[in-house]
Amino acid sequence: MDSSASCPFCHLTFPLTQLQRHANSHFDDEDDNKPNPNLSSKISFLIGSQIKSNFHKINDSLVFLLRKCLEQEHDSSTTTYLSSYVDHFQSIVSEDVGWGCGWRNIQMLSSFVISERQDAKDVLFGGSGFVPDIPSLQRWLEIAWERGFDMVGSGHFNQSIYGSRSWIGATECAALFRSFGLFARVVDFSDKELENLYLSVPNTVKRNDVKGKGKAWQVLGPMDRYLVRKNCDGNVGGEICRNSVDGGSGNNMENTESERHQILMDWVWNYFSDETSMIYGHPRMIISKKSPLYFQHDGHSRTIVGIQVKNQKKGIQQYSLLILDPAHKTAALERSLKDNKGWKKLLKRGVHTLKKPQYQLCYIDPGIATGKEMEQLKTIDSTLVTF
């Protein structure tokens, strides 16, 4: 562990021997907006006791191996955008198979932030410089809730998640990263007929960057988009009842399923292809500074690390998401990429594979919040894009 770390409140860096005293100084005067001294002790203890997550480290880096395979595709009609770095964290039978995919995707997103952003590395997980294991992440999420981040959503877990096998979603991902001052954003993709179930946040800006414009909407808790009924009688006074979502087969669709989910593909393409975020240029391969995307749908979550488009005849474009799945074994991914054989079945996902009626993304924008910005981040909101 590094000999210094960042204060989780003001983000200044101090030697570990001075960090607890400094953190306690934030409570010297009475202020209802500051955490209680007991919380300060919890944070100081966690900074020193958190455990680094074990994972299969790829020496050349997974992104480097993937980039080489993509560049060796002898097809001049394709263009690919890829995140600059990510470590793969697989679910482990003895630890989290069946429930831990959300935590594994948080670990993947954390690996990008720690590797590529010094400002975020200095504040994330107390400046530890490493990705913690799931129990440590659960502790950090509890601290985020205790500090007031996503208070409504935390009620679903009774403000307790440590030691639990409960599923989490994109909103917990956002709350955790926001508690360190990172600008974690949530985007919902859903049928237009479910629009009335999404609670509008005042003074938000409309987004028109993809087909099906949307607003920013309040997200109330874990996987809410997958736990509501469109005919829910409990949707009164801003309450969303937590029942099973309709399977989607009965929805009135103006477009075909592939056309509807192409909207999600367009959004991901626009996200990664932002010209201001390019790092490495190649005729068919561009490395982007954009963070990977936490990709949630009913029953599972994965991490989108890039997107590829193939220009076909008559101007038709075929998109493929580049996805890391916690259910896959890292060693198998490494072997398939080094051999340049079989990796497409593991990593590429076309629009035809998107079968769910609703999806949710979480990503991290540049910058570190301070002061009033931190208060604003406590309310988890999202941009709604309708199919």
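A quick note: this is a predicted structure, and the numbers were derived from the prediction, not measured.

Examining the overall build of the protein
Then, number 1: Helix and strand counts for the protein stand at 12 helices and 14 strands.
Then, number 2: Across the 387 residues of the protein, 56% fall into the buried class.
Then, number 3: Pairs at least 24 residues apart make up 71% of the contacts formed inside the protein by residues separated by at least 6 positions.
Then, number 4: Of the roughly 17600 Å² of accessible surface on the protein, a fraction of 48% belongs to carbon and sulfur atoms.

So, the packing of helix α4 (residues 101-116) against helix α6 (residues 134-146)
If you want to describe how two helices pack, look at the angle between their axes and the distance between the axes.
Then, number 1: Closest axis-to-axis distance for the α4/α6 pair is 11 Å, and the angle between their directions is 85°. It follows that α4 is roughly perpendicular to α6 by the angle criterion. For the pair α4 and α6, the contacting residues are W103, R104, I106 and Q107 in the first and I134, L137, Q138 and L141 in the second.
Then, number 2: When the residues that make up the contact of α4 with α6 are grouped by side-chain class, the tally is five nonpolar, two polar and one charged.

Some details on the packing of aromatic side chains
Then, number 1: Counted according to the given criterion, the structure contains 14 aromatic pairs.
Then, number 2: Pairing F55 with F89 gives two aromatic rings, centres 4.6 Å apart and planes at 35°, and the pair type is tilted. In this pair, F55 sits in the loop between α2 (37-49) and α3 (62-71) while F89 sits in the loop between β3 (78-83) and α4, placing the two residues 34 residues apart along the sequence.
Then, number 3: The class for F89 is buried, based on a relative accessible area of 1%.
Then, number 4: Geometrically, the ring pair formed by F189 and F387 is stacked, given 6.4 Å between the ring centres and 25° between the ring planes. Pair noted here: F189 is in strand β4 (residues 182-190) and F387 is in the segment after β14 (381-386), with a separation of 198 residues, a long-range link. Comparing F189 with F387, the two get one shared label, buried.

Re the environment of F180
Then, number 1: Position of F180 relative to the elements: it lies in the loop between α8 (170-178) and β4.
Then, number 2: Looking at F180, the relative accessible area reads 2%, which means it is buried.

A few points about the environment of T303
Then, number 1: Examined against the element boundaries, T303 turns out to sit in strand β10 (residues 300-311).
Then, number 2: By relative accessible area, which is 2% here, T303 ends up buried.
Then, number 3: Apart from the residues within four sequence positions on either side, T303 is in contact with N105, M108, P292, L293, L322, I323 and L324.
Then, number 4: At 2.6 Å, the side chain of T303 and the side chain of N105 are in polar contact.

Basis of the calculations
Residues numbered from 1 in each chain as written. Predicted model: local features only at pLDDT ≥ 70, side-chain atom pairs only at ≥ 80, totals over all residues. Heavy atoms only, no water. Helix = DSSP H or I, 4+ residues; strand = E, 2+ residues; numbered from the N terminus. Buried < 20%, exposed > 50% of the residue type's maximum accessible area, 1.4 Å probe, protein only. Contact = heavy atoms within 4.5 Å. Areas by Shrake-Rupley, 256 points an atom, 1.4 Å probe, with all protein chains shown as cover. Axes fitted to C-alpha atoms, helices over the stretch in contact; angles between N-to-C directions. Parallel < 35°, antiparallel > 145°, perpendicular 65-115°, else oblique. Nonpolar A, V, L, I, M, F, W, Y, C, P; charged D, E, K, R; others polar. Phe/Tyr/Trp six-rings, centres within 6.5 Å; stacked < 30°, edge-to-face > 60°. Polar contact = N/O pair within 3.5 Å; in protein donor to acceptor, adjacent residues only side chain to side chain.

Purely geometric stuff here, so don't read any function into it on its own.
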